[in-house]
Amino acid sequence: MDEVLELYQVQRLNWAGLGVVKAQNKIRCVPCTRPQEQVHVKWHDAGWGRFIGERIDDELTTQSLIRDTGCSQALRCTGCSLRHLSLQEQRQAQEESHL
């Protein structure tokens, strides 16, 4: 599964603000996404049975997300917050994650 590029639809955001997708019958997370957004993802095997999703976007989208988050690793960092979302989207994601 390493280095495979696929298109996924984000189902929801989890408590950490990561997009949740179903990949090969497993729930996996993708940073810097929004619910219902479709993203191309390249999976990286992080070892110990864990895969990290990396968004693969056009150059303009990539630069915009890096600028909005202030993090050059934002597209694959599972520690990024909700900074790429609007305030309304942040509140909604936080409320839904605590239901």
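Residues numbered from 1 in each chain as written. Predicted model: local features only at pLDDT ≥ 70, side-chain atom pairs only at ≥ 80, totals over all residues. Heavy atoms only, no water.

### Concerning the sheet that holds strand S3 (residues 19–23)
For sheets, the rule is that strands pair by backbone hydrogen bonds, running either parallel or antiparallel. Spatial strand order, S2-S3-S4: three strands in an open sheet with antiparallel pairing. This sheet does not close on itself; its edge strands, each paired only once, are strand S2 (12–13) and strand S4 (26–30). (Pairing = 2+ DSSP bridges. Helix = DSSP H or I, 4+ residues; strand = E, 2+ residues; numbered from the N terminus.)

### Overview of the packing of aromatic side chains
Counting across every chain of the model gives one aromatic pair. Geometrically, the ring pair formed by Tyr8 and Trp43 is edge-to-face, given 5.6 Å between the ring centres and 75° between the ring planes. One end of the pair, Tyr8, is in strand S1 (residues 5–9); the other, Trp43, is in strand S5 (residues 38–45), and 35 residues separate them in sequence. Accessibility assignment for this pair places Tyr8 and Trp43 in one class, buried. (Phe/Tyr/Trp six-rings, centres within 6.5 Å; stacked < 30°, edge-to-face > 60°. Buried < 20%, exposed > 50% of the residue type's maximum accessible area, 1.4 Å probe, protein only.)

### Section: the sheet that holds strand S6 (residues 51–56)
With antiparallel pairing, the three strands of this open sheet are ordered in space as S1-S5-S6. Here the strands that pair on one side only, and so sit at the sheet edges, are S1 and S6. Across the sheet, the mean angle from the axis of one strand to that of its neighbour is 45°, orientation sign disregarded. Inspection of the sheet shows S1 paired to S5 by five bridges, in the antiparallel sense. Counted as the bridge partner of Glu6 is Val41 from S5. (Axes fitted to C-alpha atoms, helices over the stretch in contact; angles between N-to-C directions.)

### A few points about helix H1 (residues 59–69)
Listed as buried for H1 are Thr62, Leu65 and Thr69. Down the axis of H1, the buried side of the element spans an arc of 70°, and every buried residue falls inside it. Facing away from the buried side of H1 by over 90 degrees, the exposed positions are Glu59, Leu60 and Arg67. Immediately beyond the C-terminal end of H1, within one or two residues, lies Gly70, with a positive phi of roughly 70°. (Arc of directions from axis to C-beta.)

### Notes on the confidence of the model for the protein chain
Predicted confidence across the protein chain gives a mean pLDDT of 82, with 90% of residues reaching 70 or more. In the model of the protein chain, helix H2 (residues 87–97) stands out as the element of lowest mean pLDDT, 80, in contrast to S3, which has the highest, 90. (pLDDT = per-residue confidence, 0-100.)

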